[in-house]
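What follows is the residue order along each chain.
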Amino acid sequence: MTKPLAELLKDYRAQGRCLSGFNVNDIYDIHAVVEAANRLDLPAMLMTYGPVVELNSSYLCRKMADGFEKLANNKLYLHLDHCSDVDLCKQAIDDGYDSVMFDGSQMPLADNIRGTKEVVNYAASAGVQVEAEIGKIMGRDVVAKTEDDYLAAVADVVALAEEAGPDSIAVGIGTAHGFTPTTPKIHFDRLQEIADAVVAPLVLHGGTGIPDEDIQRSITMGIAKINIGTIVHTTYMRETYDVMSKDVAGAYPPFLMKEVIPKVADVVYDRLCAVNSIKNG
Ligand SMILES: [Zn+2]
């Protein structure tokens with residue numbers, strides 16, 4: 001079966017373009033992503049992280065995304081983000097996700113390859129795009145002591161690409177999840193070596209803290225998808241808190257969200273501009 005999203009990412013890598021993926025948690029931040037993507041007439045990816053899927057099920061997440069298709073001017077792709085559970089990847093595939101990420105980056109290479117391959121094989125008949133990860137993206141529970149510890153080794157990327165055959169590969173090249181005290185240093189030399197060694201579209205995680213010029217440079221070097229999460233949920237939480245604080249007793253969700261959604265849409269719009277080299281404002 002054809003894999004529409006895998007084909008799109010291949011084209012994007014060839015053309016020096018990049019799909020933006022945003023971590024979403026409910027209909028309100030999805031609303032914000034759709035609004036921002038519509039303003040720029042771009043497709044976007046809605047990414048659900050483990051806790052969202054555990055709370056709501058991949059079935060409900062699929063239905064939630066389905067509901068927005070009529071509101072979106074372009075394609076919305078639904079993706080399972082950072083999943084190290086093969087069965088959960090299979091469940092998301094069964095429930096109609098466009099894309100899943102098997103994240104075996106914390107496992108020994110052989111286990112990462114084995115898990116990725118199992119998900120790739122399962123996804124093939126469903127036409128679902130599979131993202132793998134190699135190297136480490138710092139933040140959350142991931143701690144790297146030395147650069148060698150988190151940078152993806154070129155030989156490991158090649159082994160994963162050849163033996164498991166994922167459609168796209170997230171590579172550890174120095175970026176981190178979440179806000180970091182200092183600007184993450186992207187190892188462009190390593191990115192170049194990896195891009196020279198594999199044809200698969202590459203994925204950059206930790207999109208919140210990366211300077212615009214580094215995002216744009218990495219896209220010219222083979223990054224065809226970027227993940228943006230922290231800036232979305234921290235804006236959502238802070239704005240909700242600020243608006244609600246004005247009148248907690250009188251707070252009513254639809255009125256509250258009417259104020260929060262445009263604020264979240266603005267940060268999504270800003271990141272879409274950065275990824276697509278569009279001047280914001
Ligand atoms: Zn990530």
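Keep in mind the model is a prediction, meaning the values are calculated, not measured.

Novice: With reference to specific residues and values, describe the nonpolar core.
Specialist: Counting residues in each nonpolar core, the largest one holds 79 residues, and the members touching the most others are Val100 and Leu202. Counting residues in each nonpolar core, the second largest holds nine residues, with Leu9, Tyr12, Met45 and Ala224 among its members.

Novice: So what's going on with the coordination of the zinc ion? Residues and values would help.
Specialist: Ligation of the zinc ion by protein atoms is provided by His82 (NE2), His177 (NE2) and His205 (ND1), these donors lying 2.0 to 2.1 Å from the ion. Each donor residue of the zinc ion lies on the same chain, and together they follow the pattern H-x94-H-x27-H. Taken together, the residues span a long stretch of sequence, with His82 in strand β3 (residues 76-83) and His177 in the loop between β6 (168-171) and α8 (188-197) at a distance of 95 residues. Its relative accessible area of 13% is what places His177 among the buried residues.

Novice: Please set out the pattern of salt bridges residue by residue, giving values where relevant.
Specialist: Within this structure, the stated rule accounts for 14 salt bridges. Glu69 is paired through a salt bridge with Arg62; the nearest N and O atoms lie 3.5 Å apart. Residue Glu193 is joined to Arg190 by a salt bridge in which the shortest nitrogen-to-oxygen separation is 3.2 Å. Here Arg190 and Glu193 lie together in helix α8, a separation of three residues that amounts to about one turn. Within the structure, one salt-bridge network assembled from shared partners comprises Arg62, Asp66, Glu69 and Asp98.

Cut-offs applied
- Residues numbered from 1 in each chain as written.
- Predicted model: local features only at pLDDT ≥ 70, side-chain atom pairs only at ≥ 80, totals over all residues.
- Heavy atoms only, no water.
- Core = buried A, V, L, I, M, F, W, Y, C linked by side-chain atoms within 4.5 Å.
- Buried < 20%, exposed > 50% of the residue type's maximum accessible area, 1.4 Å probe, protein only.
- Donors = N, O, S within 2.8 Å, 3.2 Å for Na, K, Ca; no water.
- Helix = DSSP H or I, 4+ residues; strand = E, 2+ residues; numbered from the N terminus.
- Salt bridge = Lys/Arg side-chain N within 4 Å of Asp/Glu carboxyl O.

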